[in-house]
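# Survey of secondary and tertiary structure
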Amino acid sequence: MKLGKSILLFATGVIALAISAFTVASCVRPAAEIAVTGVTVSQPSLSLEEGETATISYTVQPKDATTPDVSFSSSDTSVATVSNTGIVTAVAPGTATITVKTKDGGFTATVTITVKAKTVAVTGISLDKTELTLKSGEKATLTATVTPANATDKSVTWISSDPPVAAIDNGEILAGKPGTATITVKTKDGGKTATCKVTVESGDVAVTGVSLDKTELTLKSGEKATLTATVTPEDATDKTVTWTTSDAAVVAVDKGEVLAGKPGKATITVKTNDGGKTATCSITVEAATVAVTGVSLDKTELSLTEGGSATLKATVTPEDATDKTVSWKSSDSAVATVDENGKVTAVKAGSATITVTTKDGSKTATCKVTVTAATVAVTGVSLDKTELSLTEGGSATLKATVTPEDATNKTVSWKSSDSAVATVDESGKVTAVKAGSATITVTTKDGGKTATCKVTVTATSVDLKAVYVNSTDYINFSNVLHFKNGSNYRGVVNEFLIVPWNTTHNQLLQDSDESHYSCSSSNTSRAGVKVESLGSRCAFCVKVGTDEPTSQSSSFCDLEFTYKGNGATVTKKVRLVIAHSKAVSAFDYDMFTYNGSSQGTIGDTYTYTLKSPSDASFIRLFTEFKGSPSHYSVADNADMASYSWSSSNTSVVYITAKTLETGDTPYPELSFTGTGTSNVKYTYTDYWGNSLVKNIKFTVSK
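Residues numbered from 1 in each chain as written. Predicted model: local features only at pLDDT ≥ 70, side-chain atom pairs only at ≥ 80, totals over all residues. Heavy atoms only, no water.

## Section: the overall build of the protein
Within the protein one finds 0 helices and 64 strands. Counting only C-alpha atoms, the protein reaches 145 × 95 × 40 Å along its principal axes. Within the span of the protein, comprising 702 residues, buried residues form 38% of the whole. Taking all contacts inside the protein whose residues are at least 6 apart in sequence as the whole, residues at least 24 apart take part in 60%. For the protein, the exposed area adds up to about 36100 Å²; of that, 48% sits on carbon and sulfur atoms. Treating the 64 positive side-chain charges of the protein as one cloud and the 70 negative ones as another, the clouds have centres 4 Å apart. (Helix = DSSP H or I, 4+ residues; strand = E, 2+ residues; numbered from the N terminus. Buried < 20%, exposed > 50% of the residue type's maximum accessible area, 1.4 Å probe, protein only. Contact = heavy atoms within 4.5 Å. Areas by Shrake-Rupley, 256 points an atom, 1.4 Å probe, with all protein chains shown as cover. Lys, Arg positive; Asp, Glu negative; His and termini not counted. Charge placed at Lys NZ, Arg CZ, Asp CG, Glu CD.)

## As for the packing of aromatic side chains
Scanning the entire structure with this criterion turns up 20 aromatic pairs. Taken together, a centroid distance of 5.3 Å and an interplanar angle of 25 degrees make the contact between Phe592 and Phe622 stacked. Residue Phe592 is located in strand β56 (residues 589-594), and its partner Phe622 is located in strand β59 (residues 618-625); the two are separated by 30 residues in the primary sequence. Residue Phe622 is classed as buried on the basis of its relative accessible area of 1%. Measuring from centroid to centroid gives 4.9 Å for Tyr608 and Phe672, while their planes differ by 25 degrees, and the two rings are stacked. Of the two residues, Tyr608 sits in strand β58 (residues 605-609) while Phe672 sits in strand β62 (residues 667-672), which places them 64 residues apart along the sequence. (Phe/Tyr/Trp six-rings, centres within 6.5 Å; stacked < 30°, edge-to-face > 60°.)

## Re the sheet that holds strand β16 (residues 172-175)
What the 3 strands build is an open sheet, ordered β12-β16-β15; its pairing is antiparallel. Edge positions in the sheet fall to β12 (139-141) and β15 (166-169), since each of these pairs with one other strand and no more. Each strand axis lies, on average, 25 degrees off the axis of its neighbour in the sheet, ignoring direction. Pairing between β15 and β16: 4 bridges, direction antiparallel. The partner of Asp169 across the bridge, within β16, is Glu172. (Pairing = 2+ DSSP bridges. Axes fitted to C-alpha atoms, helices over the stretch in contact; angles between N-to-C directions.)

## Focus on the environment of Thr397
As for its position among the elements, Thr397 is in strand β39 (residues 395-397). When the C-alpha positions of Thr397 and Asp254 are compared, they lie 72 Å apart, and in sequence the two are 143 residues distant.

## Quick look at unusual backbone geometry
That bond from Gln61 to Pro62 is cis: its omega, -5 degrees, falls within 30 degrees of zero. Of note, the amide linkage connecting Thr403 to Pro404 takes the cis form, showing an omega dihedral of 0 degrees. In the Ramachandran plot, Asn170 falls in the positive-phi region, its phi being about 55 degrees despite a non-glycine side chain. Tracing the backbone shows Asn170 in the loop between β15 and β16. Even without a glycine there, the phi angle at Asn494 is positive, about 65 degrees. Relative to the assigned elements, Asn494 resides in the loop between β48 (480-484) and β49 (495-502).

## Some points on the environment of Thr187
Within the secondary structure, Thr187 is located in strand β17 (residues 179-187). You can call Thr187 buried: its relative accessible area is 3%. Counting along the chain gives 294 residues from Thr187 to Leu481, while the straight-line C-alpha distance between them is 56 Å. Discounting residues that sit within four places of it in the chain, Thr187 has contacts with Val122, Ile125, Val146, Ser155, Val156 and Lys192.

## Looking at the nonpolar core
If you look at soluble globular proteins, the nonpolar side chains tend to sit buried side by side. Counting residues in hydrophobic clusters, the biggest one holds 33 residues, and the most contacted among them are Tyr606, Phe625, Leu670, Phe672, Tyr684 and Phe698. Looking at this core, the elements that each hand over two or more residues are β55 (568-579), β56, β58, β59, β61 (653-658), β62, β63 (676-685) and β64 (691-701). Of all the elements, β64 adds the most residues to this core, at 4 residues. Within the second largest apolar cluster, 27 residues are counted, among which are Phe477, Leu509, Phe561 and Val570. (Core = buried A, V, L, I, M, F, W, Y, C linked by side-chain atoms within 4.5 Å.)

## Focus: the pattern of salt bridges
Within the structure shown, the criterion is met by 15 salt bridges. As a salt-bridge pair, Glu286 and Lys220 come within 2.9 Å of each other at their nearest N and O atoms. Of this pair, Glu286 sits in strand β27 (residues 278-286) while Lys220 sits in strand β20 (residues 216-220); the two residues are 66 residues apart in sequence, bridging distant segments of the chain. You can call Glu286 partly exposed: its relative accessible area is 34%. Residues Asp590 and Lys694 are paired through a salt bridge, measuring 4.0 Å at the closest nitrogen-oxygen approach. Of this pair, Asp590 sits in strand β56 while Lys694 sits in strand β64, and the two are 104 residues apart along the sequence. (Salt bridge = Lys/Arg side-chain N within 4 Å of Asp/Glu carboxyl O.)

## Considering the sheet that holds β56
Judged by pairing direction, the sheet is antiparallel, and its 5 strands sit side by side in the order β57-β56-β59-β62-β61 without closing on themselves. The strands lining the two open edges of the sheet, one partner per strand, are β57 (599-600) and β61. Bridge count for β56 against β59 is 6 bridges, and the pairing is antiparallel. Along β59, the bridge assignment pairs Thr593 with Leu621.

## Notes on the pairing of strand β26 (residues 264-272)
A regular strand places its side chains on the two faces of the sheet in alternate fashion. Here strand β23 (residues 241-245) pairs with β26 via 5 bridges, running antiparallel. Bridging from a neighbouring strand, Thr242 pairs with Lys271 of β26. The pairing of β26 with β27 spans 8 bridges and is classified as antiparallel. Bridge pairing in β27 links Thr269 to Thr280.

## Examining the pairing of strand β34 (residues 343-346)
Across the two faces of β34 the burial differs, with Val344 and Ala346 buried and Lys343 and Thr345 not buried at all. Two strands pair when backbone bridges link them, and strand β30 (residues 309-311) and β34 are joined in this way by 3 bridges, in the antiparallel orientation. Bridged to Thr311 within β34 is Lys343. The turn joining strand β33 (residues 336-338) and β34, which pair antiparallel and follow one another in sequence, is formed by 4 residues; a positive phi near 90 degrees is taken by Gly342.

## Overview of the side chain of Lys572
Counting through the fold element by element, Lys572 comes out in strand β55. Among the polar contacts listed, one links the side chain of Lys572 to the side chain of Asp463, at a separation of 3.3 Å. Not counting residues within four places of it along the chain, the set of residues in contact with Lys572 comprises Asp463, Leu464, Phe477, Ser478, Leu559, Glu560 and Phe561. (Polar contact = N/O pair within 3.5 Å; in protein donor to acceptor, adjacent residues only side chain to side chain.)

## Things to note about the environment of Leu297
Along the chain, the position of Leu297 falls in strand β28 (residues 294-297). Sequence separation of Leu297 and Lys313 is 16 residues, and the distance between their C-alpha atoms is 5.6 Å. Among all residues touching Leu297, those that are not within four sequence positions of it are Leu312, Lys313, Ala314, Trp328, Ile354, Val356, Ala365, Thr366 and Cys367.

## A short note on the confidence of the model for the protein
As a note on interpretation, predicted positions should not be read in detail where pLDDT is low. Summing up the model confidence of the protein, the mean pLDDT is 90 and the portion of residues at 70 or higher is 94%. Across residues 1-30, confidence stays below pLDDT 50; counting only partners more than four residues off in sequence or on other chains, it has 47 contacts. (pLDDT = per-residue confidence, 0-100.)

See the structure below:
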């Protein structure tokens, strides 16, 4: 419907309505007394501090009531008082209710008054000490006094200029290393400060103990060793110690270094100069050992088949060597292993070197081991799944198990009976391509053994979503979208996106093939559409024209989007309804009227005077975007929004449902058919549930 065109609708007895509220000079009569119907306040609640005042703002309905006088009262005058002119004075903390009451009809409205105590500001702060001397490790407490004593916010913070020297926690000082630091206390209210200079001196730290790194030790005659003493605490002032031996002939000691003498036992004692703390180490001295000079193996080469074994024999020289302990090692334990007794076990085909090493002297000998393969034939293969269900684009990996476990050649190959439905790679990963069924077969290289899995692929479900509130919200829509001219939803004014959505996996569909996308607009100058590439995907881009809508026909266009891909086809036809850039939003609404010759607005009441008993003048009601400077009806038809209206007295106001064109926005046409009053209710609800509800009282007289 376009209201910019001249529309003349006349019928017998129909009179055009004038802007002067349809008054007719020849029908003027003396004014009757108008009764008060209610009273409202502009602010239902107020918050004041003690001593503050405020004036109650109220409105008596109707505005032209004959007796608009009111009175005021307070529910608790100890909290708040009110004058006969509505001036409220805060008395003391608490809550009181101020009531406005009309003289005519006794209608009331209330305002809740909350009175808060008056804030007392901080004026200063002081400390009980301005200088303080402590020794390292000592503690002391500072006391802060905030003035005045009745200050509202007495909270403070503490700061140390050098925490390693003097740390502060809620007024408690802990002395650290020697030095000076300034402790500052600061009020939260007003930022008032006070300081204390703290000097930290070093103090003597007593020894509490001593320990040795070894408490037992065995040496050969002539050997040396070093004992390390640790005095505690770490920062003890005097950490000097003395060393003594219980038998100098067995073990001598000098500043922790011990020298083994004759065989026997002796105790080494360390003693601190401060406190006489002691620790000991028991030392056993044995006779000097016979060193190892070499080692040999009974075999220098060895041949085995996989799974076979043989034991090598090591001979340490000289025969009377004190320590004949040896260790064994394989250069490649994947080919051949060796245990602590020299037993060699063949693992797989290849070669490895077995080395024996003496503990004393690290003398070595080697044996080259050659392992030949022992073939184990494949007897079968199985899969962890015999049936598999996937949606288009989904994937899963099948696991093949070749038997026996020790089969020599466990290589397998994979094949799909229909790669157009499902593919499989060399690792058994199955990927669903399109709806249907296929059989995945695994085959062993040795013996050609097989196992199969039936794969069923179901189609992916696809829908379209709008991205026009911000760049991360994907919004469901049906057949209408509202858009405010001048909006910037994606970094570009008057642009937004429509994207395909994988509803099966509830995620954005990644499809970069532009041939899968098609779109059209009924009015490209109002809103153009195109397919836009976004790297790994595409989207429909809607570009709304910047011309301001001035009529219903210039405020919308019909768009169509089709996506064909991923085995699915989805088409959506949507009406794009455009709000003026000065509208509050694309989801806030108001009402305007049309009387056959002019547009206007309407309040909660409407008065009309009939020229004659047969007068049947009309007025039409339309929904518009709130705040729009141009009156035009929101272009939602009955399939896109909900419209309803009613009249409480059809003999006074009769409502007829109208549309200017088939499928156009419905609207009510109100005909004034008799004198009296009727309450008309008009409701419009958009596709997101936002509503405009108007209740209008019509009064019709002769």
